[in-house]
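# Understanding the architecture of this molecule
Listed below, chain by chain, are the residues.
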Amino acid sequence: MEFSFYLFGFFICASIGSFYVTLSERILEFFYSKERKNKTFLQKLKKTLLERSSCNHCGQKLSPLNLFPVFGYFFSGKKCKTCNSKISIYYPISELFFGLGFILFFFLTKNLFYSVVVMVFIGHIYISAITDWNYFSLDYENLVFIVVFGSLTNYLLQKELPTLNEVYVLFGFFVFYLGLYYFYKKGIGLGDVLFAPFYAFLSSHPWWMLFLNSSYIIAIVFTILLKKKNQSLKNTPIPMGLYFSVGITIVYIAKAVYFKMQNI
């Protein structure tokens, strides 16, 4: 019986992953690129949320078999049947990531609903990471969904509402990052001022310390590895929204591990 939960959750969350990958691509295309000027807001919203998945090269709509999570990539022969262009392996890998994410959280908590909701939360986190990586811009509208699903996920796991400690964390982070923004604008963006406090709030006390340290350690390591050869670390732009997203994902995994240890 438990195996059926794993199998069901894997394909549901792999499908969720497919949705968020497609959604992130459409958000980049219709709200960040030059294409954003060619359509009204309602037209962009319709194309982003309602249009069927299609080939990135010729626009041919994908068949239901091709849309099957993870395996659809192989069913299609790894290429579009219409224009013969190759399909990026990024799609099945990202779907697999979401499916395996469900398996990890369900193994740790044995809570089916929680394990699905936390992957929806990570889907919204993923969108913010992608927009910041590509345009150094965090999508403010998405913050509402991040807070809602992040709070729901916390409640489903801990069965507790936020306390004054979380409010203090939110306020403390906001004051700190707002100060950084006004006194050192080159080192921080307005999006970070809004997102970092809410990510810390969702991390909760004392997990916000793991969020902060993991975000900056990973940011420094990857910035050093990815920067141009002759570019100084000081002058290298850092998409902190991406690393904040990685940091809070680590926190939610750590919380689930802690839950598992408490219930052994």
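Look above for the structure.
What comes next concerns the included structure.

How each quantity is defined
Residues numbered from 1 in each chain as written. Predicted model: local features only at pLDDT ≥ 70, side-chain atom pairs only at ≥ 80, totals over all residues. Heavy atoms only, no water. Helix = DSSP H or I, 4+ residues; strand = E, 2+ residues; numbered from the N terminus. Rg over C-alpha atoms; globule rule 2.2 N^0.38 Å. Areas by Shrake-Rupley, 256 points an atom, 1.4 Å probe, with all protein chains shown as cover. Axes fitted to C-alpha atoms, helices over the stretch in contact; angles between N-to-C directions. Parallel < 35°, antiparallel > 145°, perpendicular 65-115°, else oblique. Left-handed = near helix turned anticlockwise from the far one by under 90°. Contact = heavy atoms within 4.5 Å. Core = buried A, V, L, I, M, F, W, Y, C linked by side-chain atoms within 4.5 Å. Buried < 20%, exposed > 50% of the residue type's maximum accessible area, 1.4 Å probe, protein only. Lys, Arg positive; Asp, Glu negative; His and termini not counted. Salt bridge = Lys/Arg side-chain N within 4 Å of Asp/Glu carboxyl O. Polar contact = N/O pair within 3.5 Å; in protein donor to acceptor, adjacent residues only side chain to side chain. Phe/Tyr/Trp six-rings, centres within 6.5 Å; stacked < 30°, edge-to-face > 60°. Lys NZ or Arg CZ within 6 Å of the ring centre and 35° of its normal. Expected span 1.5 Å × (residues − 1).

Once that is clear, we can look at the overall build of the chain. A count of helical and extended segments in the chain gives 10 helices and zero strands. Relative to the globule expectation of 18 Å for 264 residues, the C-alpha radius of gyration of the chain, 20 Å, shows essentially globular dimensions. About 15,200 Å² of surface is accessible on the chain, with carbon and sulfur atoms providing 69% of the total.

In the contact formed by helix H1 (residues 2–31) and helix H2 (residues 41–49), the axes pass within 9 Å of each other and the chain directions differ by 160 degrees. Here H2 runs roughly antiparallel to H1, going by the angle between their axes. Two packed elements cross with a definite hand, and for H1 against H2 that hand is right-handed. Here Leu-23, Arg-26, Ile-27, Phe-30 and Phe-31 of H1 lie close against H2, whose contacting residues are Phe-41, Lys-44, Leu-45, Lys-47, Thr-48 and Leu-49.

We now examine unusual backbone geometry. Here the residue pair His-205 and Pro-206 is connected by a cis peptide bond, since its omega of 5 degrees sits within 30 degrees of zero. Residue placement: Pro-206 occurs in the loop between helix H8 (190–203) and helix H9 (208–226). A positive phi angle, near 70 degrees, is found at Lys-78, a position not held by glycine.

The next point concerns the nonpolar core. Met-119, Phe-121, Tyr-199, Phe-211 and Ile-248 are the most contacted members of the largest nonpolar core, which has 57 residues in total. Of all the secondary-structure elements, those providing two or more residues to this core are H1, helix H4 (90–109), helix H5 (112–135), helix H6 (140–158), helix H7 (164–183), H8, H9 and helix H10 (240–262). In terms of residues, this core owes the most to one element, H5, which gives 13 residues. Here Ile-248 is in contact with Phe-121, Ile-125, Tyr-199, Leu-202, Ser-203 and Phe-211, once residues within four sequence places are set aside.

Let's shift gears to the side chain of Arg-26. In this fold, Arg-26 is placed in helix H1. Glu-51 is the oppositely charged side chain nearest to the buried, salt-bridge-free Arg-26, at an N-O distance of 4.8 Å. Of note is the side chain of Arg-26, whose polar atom sits 3.4 Å from the backbone oxygen of Thr-48. Setting aside residues up to four positions removed in sequence, Arg-26 forms contacts with Phe-31, Lys-47, Thr-48, Glu-51, Arg-52 and Ser-53.

Per the counting criterion, the structure on display carries 27 aromatic pairs. Summarising the aromatic geometry, the rings of Phe-173 and Trp-208 are spaced 5.7 Å apart at their centres and angled 85 degrees between planes, so their arrangement reads as edge-to-face. Here the residue Phe-173 occupies a position in helix H7, and Trp-208 occupies one in helix H9, the gap between them amounting to 35 residues. Measuring from centroid to centroid gives 5.8 Å for Phe-195 and Tyr-199, while their planes differ by 80 degrees, and the two rings are edge-to-face. Here Phe-195 pairs with Tyr-199, and both are found in helix H8, just four residues apart, close to one helical turn. In textbook terms, an aromatic cluster arises when at least three aromatic residues are bridged by ring pairs, as seen for Phe-173, Phe-176, Tyr-177, Phe-195, Tyr-199, Trp-208, Phe-211, Tyr-216 and Phe-244. Positioned over the ring face of Tyr-252 is Lys-255, at 5.0 Å from the centre of the ring.

Next up on the list: H8. With 14 residues, H8 extends 20 Å between its outermost C-alpha atoms, agreeing within 8% with the 20 Å of an ideal straight helix rising 1.5 Å per residue. Most of H8 sits inside the fold, with 11 of its 14 residues counted as buried. Restricting attention to buried positions, one finds in H8 the residues Gly-191, Asp-192, Val-193, Phe-195, Ala-196, Pro-197, Tyr-199, Ala-200, Phe-201, Leu-202 and Ser-203. The secondary structure elements touched by the buried residues of H8 are H5, H6, H7, H9 and H10. Just downstream of H8 lies Ser-204, where phi reads positive at about 75 degrees.

This part is about the environment of Glu-51. If you trace the backbone, Glu-51 turns up in the loop between H2 and helix H3 (72–75). Once residues lying within four places of it in the same chain are set aside, the contact partners of Glu-51 are Arg-26, Lys-46 and Lys-61.

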